[in-house]
There are 2 protein chains.
Amino acid sequence: MRDVLTEWRPVVDGAIEELLPRAVDEAYLTEWFGPASHRYDPEAIQRALSDPVWDLLDRGGKRWRAVVCLLLIDGFGADPHEYLTYACIPEILHNGTIIVDDVEDEARIRRGEPALHHQYGEDIALNAGNAMYFLPLKVVGKNPADLDSGTQLAMYEMLMDELNRTHLGQGMDIYWHRNREAEVAEAEYLEMCACKTGCLGRIVARLAAILTDQSPEIEREIAKYAEDMSIAFQIGDDILDIESTIEGTTEFGKAFGNDIREGKRTLMVIHALSEADAESAERLSSILHKPENTREEILDAIGILQSTDSVEYARECALSFAESARDHLRKVPLEEERATQLASFTEFVIDRDV
Amino acid sequence: MRDVLTEWRPVVDGAIEELLPRAVDEAYLTEWFGPASHRYDPEAIQRALSDPVWDLLDRGGKRWRAVVCLLLIDGFGADPHEYLTYACIPEILHNGTIIVDDVEDEARIRRGEPALHHQYGEDIALNAGNAMYFLPLKVVGKNPADLDSGTQLAMYEMLMDELNRTHLGQGMDIYWHRNREAEVAEAEYLEMCACKTGCLGRIVARLAAILTDQSPEIEREIAKYAEDMSIAFQIGDDILDIESTIEGTTEFGKAFGNDIREGKRTLMVIHALSEADAESAERLSSILHKPENTREEILDAIGILQSTDSVEYARECALSFAESARDHLRKVPLEEERATQLASFTEFVIDRDV
């Protein structure tokens, strides 16, 4: 898996550079956004858009959204090189959401360096993040693969569907975070994951299906593969946060007991609140409510999660979503080697050494 | 003008309510965003999206973007009632940008009440603002007027063009604001206005043209009418800020010397910096640079703008853009009464008693 990501990353970055060059000039602006009515300031646009976005991209990221899209296109029997620019769409969207989410979550660090709003100011960061929501959508109109108008329209509609649901998911998550008294059911938590994280995965999959002219049934199945895998990864993330706290490992790059400090409604928390005795549930809830937590409180909360077998419950749930993702994948007629690679992605749901 | 706005406002608000009801329920979410994969939390989505957006809408706003769109549709000979939902697109987009811009500009007050990020928190406000960038675009796919696929595609491409340029304009404005040493030419200032403010106006006009199947030439002319009028209004805004400071009137609702305190690069400032003697230019620049200004400094800066006739220069420039807007309008075959109303909008560029 690591090999294919390493192989494709520079190719993907080259394609992103065509969409958003590191050095912005008049010619790029005119070609990409049309002639100015008066006169562009390329310097300002470089500093306000290109510099922060490339700073973020150069900090890392595996570009797996673009690569999975390309593997799917290849697996469907088309030439991925023909559709490189399209595969950048979810990658740029994803990096846009990172910038905006970091402002919304008041994150301080991103990929080992100051979050973009700390580095460039909130105004520049937010506008750059939002610009990255629209820049990649221009690819559809630019139409580098010379698609017919029905395919272009299908692509716009798919993107509007998924980008709307992304904001529903984020809205649910933020509201729960701000209103800790709000009760969250497991199905609502899963919906939040399906919307917030799953929709970007769905874009990856549906783009490949639309570009290669698959039937609506196949587009649905491959979207479900991506959605269920995204949910599995989200639950896996939450488990890793707790496990790294238990093991005292800092490799995962977050603060000790990060999610508990944040009062995050993870699947484990939802499960424990419904399974624990009244006293423990009340204790867990009150720890999550507190603006700051001591080390003892964090260990206490984790103890409650363990006493209700909630970590194990979440792990089984993640594995079952990974299994479901593979089931959906099997219904899709893909070239064998690619199908195997795409299935293997789901094996890393909890063990992240991809 | 006031009459037509008053007449249409409740009709427009009714149409916006169909797009984003005040009370969100499962049925709305399913119809508008598709069935849930697991289960939506309508309460969370109401609190995170609908409540803040309706709070803002209920504070005021003339809905002129929707009304101008409807007047244009009527003027082109079509029934505006058939296209009500489409006319809401620029109105919702505009309110989304207000929410996001207020975060970016660190505004405290909006329409006489706390800015939304002060009222609801930055996370809720930003996500609601961003959601309003995508919610109205779903109208195109929903296709309530049963448009053919070519028209739908034209509408998506138009929206992507304009929304991309909006972010270029905002990027230029923010960069200049953060980097006061950056030199700004008049043509660059005008481009910033054309992108940042003009593109929403262009959406209003181009929507009406696309919906009524006008030729590309007419779409271009009517877009130019909207763009030039927007630039004229932006310059007019800047003049009003200075004049209300000179006259000591507070009606305009802003702090004394607001734009000078903010160090804003208005057309007047750009003109004065190039026309004043070296000493005065340096003094003006240093006042704009300072994080805080005394009353004397503000009056001093205004004195420099007056000594170079920059307020008068800007007024002539605004009037000439208003004139240019009317010239473009005359090239468009519109029903006469509507054409007169649409031309009369440009008369209020500096006198805002619409």
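Since the structure is predicted, the reported quantities are computational estimates derived from the model, not experimental observations. (Residues numbered from 1 in each chain as written. Chains lettered and ligands numbered in written order. Predicted model: local features only at pLDDT ≥ 70, side-chain atom pairs only at ≥ 80, totals over all residues. Heavy atoms only, no water.)

Colleague: Lay out the overall build of chain A in plain terms, naming residues and giving numbers.
Modeller: When helices and strands are counted, chain A shows 18 helices and two strands. Its C-alpha atoms give chain A a radius of gyration of 21 Å, within 12% of the compact-globule value 20 Å for 354 residues. Taking the principal axes of its C-alpha atoms as reference, chain A extends roughly 65 × 45 × 35 Å. Per-residue burial over chain A gives 62% buried out of 354 residues. Residue pairs at least 24 apart in sequence account for 75% of intrachain contacts in chain A once pairs closer than 6 positions are excluded. For chain A, the computed accessible surface area is about 13700 Å², with 47% contributed by carbon and sulfur atoms. (Helix = DSSP H or I, 4+ residues; strand = E, 2+ residues; numbered from the N terminus. Rg over C-alpha atoms; globule rule 2.2 N^0.38 Å. Buried < 20%, exposed > 50% of the residue type's maximum accessible area, 1.4 Å probe, protein only. Contact = heavy atoms within 4.5 Å. Areas by Shrake-Rupley, 256 points an atom, 1.4 Å probe, with all protein chains shown as cover.)

Colleague: Outline the relation of the copies chain A and chain B, listing residues and values.
Modeller: Overlaying chain A with chain B gives an RMSD of 0.0 Å, the required rotation being 180 degrees about an axis along which the chain moves by 0.0 Å. Here the copies are linked by what is in effect a two-fold axis. Ranked by how close their C-alpha atoms come to the rotation axis, the residues of chain A are headed by Leu-153 of chain A, at 2.9 Å. (Least-squares fit on C-alpha atoms with pLDDT ≥ 70 in both.)

Colleague: Run through the interface of chain A and chain B, naming residues and quoting values.
Modeller: Chain A puts 63 residues into the contact, and the matching count from chain B is 63 residues. Together, the buried faces of chain A and chain B total about 5800 Å²; carbon and sulfur atoms form 62% of this surface. In this structure, the connection of chain A to chain B is made through five salt bridges. The closest approach of N and O atoms between Asp-161 of chain B and Lys-138 of chain A, which form a salt bridge, is 2.7 Å. Scanning the region where chain A abuts chain B turns up 27 residue pairs in polar contact (both at pLDDT 80 or more). With 19 residues, helix H9 (residues 149–178) of chain A is the single largest residue contributor to the side of chain A that touches chain B. Looking at the side of chain A that touches chain B, its residues break down into 35 nonpolar, 12 polar and 16 charged. (Buried area = accessible area lost by both parts, 1.4 Å probe. Salt bridge = Lys/Arg side-chain N within 4 Å of Asp/Glu carboxyl O. Polar contact = N/O pair within 3.5 Å; in protein donor to acceptor, adjacent residues only side chain to side chain. Nonpolar A, V, L, I, M, F, W, Y, C, P; charged D, E, K, R; others polar.)

Colleague: Residues and numbers for the nonpolar core, please.
Modeller: By size, the foremost hydrophobic cluster in this structure holds 248 residues, and its most contacted members are Ile-235 of chain A together with Ile-235 of chain B. Ignoring any residue separated from it by four or fewer positions in sequence, one finds Ile-235 of chain B in contact with Tyr-189, Leu-190, Leu-267, Ala-314, Cys-317, Ala-318 and Phe-321 of chain B. (Core = buried A, V, L, I, M, F, W, Y, C linked by side-chain atoms within 4.5 Å.)

Colleague: Which residues make up the side chain of Asn-127 of chain A, and what values do they have?
Modeller: Tracing the sequence through the fold places Asn-127 of chain A in helix H7 (residues 122–134). Filtering out sequence-adjacent residues up to four positions away, Asn-127 of chain A remains in contact with Leu-49 of chain A together with Glu-104, His-167, Gln-170, Gly-171 and Ile-174 of chain B.

Colleague: Describe the packing of aromatic side chains, with residues and values.
Modeller: The relation between two aromatic rings is expressed through the spacing of the ring centres and the mutual angle of the planes. In total, this model carries 10 aromatic pairs over all chains according to the counting rule given. Taken together, Tyr-133 and Phe-134 of chain A together with Tyr-133 and Phe-134 of chain B form an aromatic cluster joined through their ring pairs. In this structure, Arg-295 of chain A is placed above the aromatic ring of Phe-256 of chain A, and the distance from its NZ or CZ to the ring centre is 4.3 Å. (Phe/Tyr/Trp six-rings, centres within 6.5 Å; stacked < 30°, edge-to-face > 60°. Lys NZ or Arg CZ within 6 Å of the ring centre and 35° of its normal.)

Colleague: Let's hear about empty space enclosed by the protein: which residues, and what values?
Modeller: Within this structure, the stated rule accounts for six cavities of 30 Å³ or more. Forming the walls of the largest cavity are Asn-164, His-167 and Leu-168 of chain A together with Leu-20, Val-24, Tyr-28, Phe-33, Ile-45, Leu-49, Ala-131, Met-132 and Leu-135 of chain B. Elements with a contribution of two residues or more to the lining of the largest cavity: H9 of chain A together with helix H2 (26–33), helix H3 (42–58) and helix H7 (122–134) of chain B. Broken down by element, the residue count for the lining of the largest cavity peaks at three residues, all from H9 of chain A. Here the residues of the lining of the largest cavity are counted per class, giving 10 nonpolar, two polar and no charged. Of the volumes computed, that of the second largest cavity is approximately 60 Å³. Around the second largest cavity, the lining residues are Leu-20, Tyr-28, Phe-33, Ile-45, Leu-49, Ala-131, Met-132 and Leu-135 of chain A together with Asn-164, His-167 and Leu-168 of chain B. If one sorts the elements of the lining of the second largest cavity by residue count, helix H9 (residues 149–178) of chain B sits on top with three residues. Tallied by class, the residues present in the lining of the second largest cavity amount to nine nonpolar, two polar and no charged. (1 Å grid on protein atoms, 1.4 Å probe; cavity = no way out; pocket = protein on both sides within 12 Å on 5 of 7 lines; lining within 4 Å. Points joined across faces, edges and corners; volume = space filled by probe spheres on them.)

Colleague: Tell me what's going on with the pattern of salt bridges, and back it up with residues and numbers.
Modeller: Close approach of charged atoms allows side chains of opposite charge to pair. Per the counting criterion, the structure on display carries 63 salt bridges over all chains. A salt bridge links Glu-297 of chain B to Lys-290 of chain B, with the shortest nitrogen-to-oxygen separation between them at 2.4 Å. For Lys-290 of chain B, a relative accessible area of 34% puts it in the partly exposed group. Across the pair Glu-347 of chain B and Arg-326 of chain B runs a salt bridge whose closest N-O atoms are separated by 3.8 Å. Of this pair, Glu-347 of chain B sits in the segment after helix H18 (336–345) while Arg-326 of chain B sits in helix H17 (residues 310–330), and the two are 21 residues apart along the sequence. Judged by relative accessible area, Glu-347 of chain B falls into the exposed class, the value being 51%. For Arg-326 of chain B, a relative accessible area of 17% corresponds to the buried category. One network of salt bridges, in which partners are shared, links Glu-162, Arg-202, Arg-206, Glu-219, Lys-224 and Glu-227 of chain A.

Colleague: Give a detailed account of the domain arrangement of chain A, specifying residues and quantitative values.
Modeller: All names here are of chain A. Each assigned domain of chain A is listed here: domain 1 (1–146) and domain 2 (148–354). Of the residues lining the interface, 31 residues belong to domain 1; the matching set on domain 2 comes to 35 residues. In this assembly, domain 1 packs against domain 2 so that about 3100 Å² is buried in total across both faces, 75% of it on carbon and sulfur atoms. On the surface where domain 1 and domain 2 come into contact, there are one salt bridge. A salt bridge links Asp-74 to Arg-338; its shortest N-O distance comes to 2.5 Å. Seen at the junction of domain 1 and domain 2, the total is six residue pairs in polar contact (both at pLDDT 80 or more). Mapped onto the side of domain 1 that touches domain 2, the elements with two or more residues apiece are helix H1 (2–19), helix H4 (64–75), helix H5 (84–104) and helix H8 (138–142). (Domains from an automatic or database assignment.)

Colleague: I'd like a description of helix H16 (residues 295–307) of chain A, backed by residues and values.
Modeller: Residues and elements named next belong to chain A. Given a rise of 1.5 Å per residue, 13 residues ought to cover 18 Å, and the 18 Å separating the end C-alpha atoms of H16 matches this to within 8%. Among all positions in H16, only Glu-297, Ile-298, Ala-301, Ile-302, Ile-304 and Leu-305 are buried. Down the axis of H16, the buried side of the element spans an arc of 155 degrees, and every buried residue falls inside it. Summarising the geometry of H16, the exposed residues directed more than 90 degrees from the buried face are Glu-296 and Ser-307. On its buried face, H16 is in contact with helix H12 (216–247), helix H13 (258–262), helix H14 (267–275), helix H15 (278–289) and helix H17 (310–330). Taken from the residues just after H16, Asp-309 is the one with a positive phi, measuring 55 degrees. (Expected span 1.5 Å × (residues − 1). Arc of directions from axis to C-beta.)

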